[in-house]
Amino acid sequence: EAGGAALGRAADKLFSLSGLFAVRKPKGPTSAAVLNLLKERLLAEAGVQTNGNKRNQVLKIGHGGTLDSAAAGVLVVGIGKGTKMLGTMLAGSKKYTAIGMLGKATDTLDATGKVTEEKPYDQVTKGDLENVLQKFTGDIMQVPPLYSALKKDGERLSTLMKRGEAVEAKPARPVRVYSLSLQQFQPPLFTLDVECGGGFYVRSLVNDIGKELSTCATVQELTRTKQGPFTLEEHALQEDKWTIDEIARSLEHCTALLLGEPARKKLKTEHPGETAVICE
């Protein structure tokens, strides 16, 4: 009996959780898969049977911006009423560390794709790269990748591409780059730190930098180090901390964080077609 009472309390606590917190997404799974795993863990801990049980529908959970499956880092999660706050996360600022590789282009613009082009890159100097970065800082126009979560007629472009359907590139759209700096240059590899607004694709940036240098480039590794006020170091829960108590603790901490968030980056207009993903 005591066990049942404890589970009942755990379930009550789980269903009363509300707000935003951050988890650390590993490389490999999709953002949706990470969310599903998190949800399964929490429901299992609360002893909630998910097979055909309607109670499963009660746990509202969503994330505030897809990370590519090959990318790692901060994934902001909304739970309960927090799911309504995810829109501001999409539009807000994000920071990434990206390792790019010169001399190769792929269809996905990252290391998971098929190589579509190879070009010499030994002429590119550190100075060339630094100069080019200035062209990609501030308010710029960017064409999103074909392999992306953006949709056409309600279907993801990446799904259409994988089915072999002809997909037209989306038109260039305005995006904002707050800062862009070169951290390391060991040809063919280079490491960038990027802080950007909503709707920005680091894969497109690296691809465009390659073209601008008269060679080509693709993303080898991508890590989101910050989203809104949530940083990877301080706030993103590792998988072993995906428990009801840890999340409750994190939510308290994060509510205070969000109240202190400067308004400057919240006023970004959201890109049409970019929506928070809510699983119900």
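Just so you know, these numbers come straight off a predicted model, no measurement behind them. (Residues numbered from 1 in each chain as written. Predicted model: local features only at pLDDT ≥ 70, side-chain atom pairs only at ≥ 80, totals over all residues. Heavy atoms only, no water.)

Chemist: Give me the lowdown on the nonpolar core, citing residues and values where you can.
Modeler: Counting 29 residues, the largest nonpolar core has Leu180, Phe190, Leu192, Val194, Phe200, Leu205 and Ile209 as its most contacted members. Broken down by secondary-structure element, the contributors of at least two residues to this core are strand 4 (94-102), helix 4 (126-135), strand 10 (173-186), strand 11 (189-196), helix 6 (202-212) and strand 12 (217-227). In terms of residue count, the dominant contributor to this core is strand 10 (5 residues). Once residues lying within four places of it in the same chain are set aside, the contact partners of Phe190 are Ala98, Ile99, Gly100, Met101, Leu102, Leu129, Leu182, Gln184, Phe185, Val206 and Ala217. Counting residues in each nonpolar core, the second largest holds 24 residues, with Ala10, Val34, Leu38 and Leu251 among its members. (Core = buried A, V, L, I, M, F, W, Y, C linked by side-chain atoms within 4.5 Å. Buried < 20%, exposed > 50% of the residue type's maximum accessible area, 1.4 Å probe, protein only. Helix = DSSP H or I, 4+ residues; strand = E, 2+ residues; numbered from the N terminus. Contact = heavy atoms within 4.5 Å.)

Chemist: Go over the UniProt feature "domain: tRNA pseudouridylate synthase B C-terminal" (unreviewed entry) in the chain with me, naming the residues and quoting the values.
Modeler: Per the UniProt entry, the sites bearing "domain: tRNA pseudouridylate synthase B C-terminal" (unreviewed entry) are residues 203-239 in this numbering. Helix and strand shares over residues 203-239 are 27% and 41% respectively, and the end C-alpha atoms of the span are 26 Å apart. (UniProt positions renumbered as here; feature names shortened; annotations may be inferred.)

Chemist: Describe helix 2 (residues 31-45), listing the residues and the values that go with them.
Modeler: If you check helix 2, its first and last C-alpha atoms are 21 Å apart, about what 15 residues at 1.5 Å a residue would give, namely 21 Å. Along helix 2, the residues classified as buried are Ser31, Val34, Leu35, Leu38, Lys39, Leu42 and Leu43. Projected down its long axis, helix 2 carries its buried residues within an arc of 165°, all on one side. Residues of helix 2 that are exposed and point more than 90 degrees away from the buried face comprise Glu40 and Ala44. After helix 2 finishes, the residue Gly47 shows a positive phi value of roughly 70°. (Expected span 1.5 Å × (residues − 1). Arc of directions from axis to C-beta.)

Chemist: Explain the pattern of salt bridges to me, using residue names and the numbers behind them.
Modeler: Scanning the model with the defined rule gives 10 salt bridges in all. Its salt-bridge partner being Glu117, residue Lys119 comes within 3.8 Å of it at the nearest N-O pair. A relative accessible area of 35% means that Glu117 is categorised as partly exposed. For Glu212, the salt bridge identified is with Lys135, shortest N-O distance 2.8 Å. Highlighted residues: Glu212 in helix 6 and Lys135 in helix 4, separated in sequence by 77 residues. Residue classification places Glu212 among the partly exposed positions, given a relative accessible area of 36%. (Salt bridge = Lys/Arg side-chain N within 4 Å of Asp/Glu carboxyl O.)

Chemist: Lay out the pairing of strand 11 in plain terms, naming residues and giving numbers.
Modeler: In terms of residue burial, strand 11 counts as a mostly covered element, since 6 of its 8 residues are buried. Note that strand 4 and strand 11 share 8 bridges and pair antiparallel. Residue pairing across strands places Ile99 opposite Thr191, the latter belonging to strand 11. Hairpin connection, strand 10 to strand 11: the antiparallel pair is bridged by 2 residues. (Pairing = 2+ DSSP bridges.)

Chemist: Give me the lowdown on unusual backbone geometry, citing residues and values where you can.
Modeler: With an omega of 5°, the peptide bond running from Pro187 to Pro188 counts as cis. With respect to the helices and strands, the residue Pro188 is situated in the loop between strand 10 and strand 11. Although it is not a glycine, Leu109 adopts a positive phi angle of roughly 70°. Even without glycine at this site, Ser214 takes up a positive phi of about 60°.

Chemist: How would you sum up the environment of Thr88? Please name residues and give values.
Modeler: Turning to its location among the elements, Thr88 is positioned in helix 3 (residues 86-91). In the structure, Thr88 is positioned 110 residues away from Gly198 in sequence and 9.5 Å away in space, judged by C-alpha atoms. Of note is the side chain of Thr88, whose polar atom sits 2.8 Å from the backbone oxygen of Met85. (Polar contact = N/O pair within 3.5 Å; in protein donor to acceptor, adjacent residues only side chain to side chain.)

Chemist: Run through the layout of surface pockets, naming residues and quoting values.
Modeler: Approximately 950 Å³ is the volume found for the largest pocket. What lines the largest pocket is a set of 41 residues, among which Thr66, Asp68, Ser148, Ala149 and Arg156 lie closest to the centre. Those elements that place two or more of their residues in the lining of the largest pocket are helix 2, strand 4, helix 5 (157-162), helix 6 and strand 12. For the lining of the largest pocket, the element with the highest residue contribution is helix 5, accounting for 3 residues. Of the residues assigned to the lining of the largest pocket, the class counts are 14 nonpolar, 15 polar and 12 charged. Of the domains in this structure, domain 1 (1-92 + 236-257) and domain 2 (94-227) are the two that each give at least three residues to the lining of the largest pocket. Quantified by volume, the second largest pocket comes out at close to 160 Å³. Lining the second largest pocket are Asp107, Leu109, Val143, Pro144, Pro145, Leu146, Ser204, Asn207 and Asp208. (1 Å grid on protein atoms, 1.4 Å probe; cavity = no way out; pocket = protein on both sides within 12 Å on 5 of 7 lines; lining within 4 Å. Points joined across faces, edges and corners; volume = space filled by probe spheres on them. Nonpolar A, V, L, I, M, F, W, Y, C, P; charged D, E, K, R; others polar. Domains from an automatic or database assignment.)

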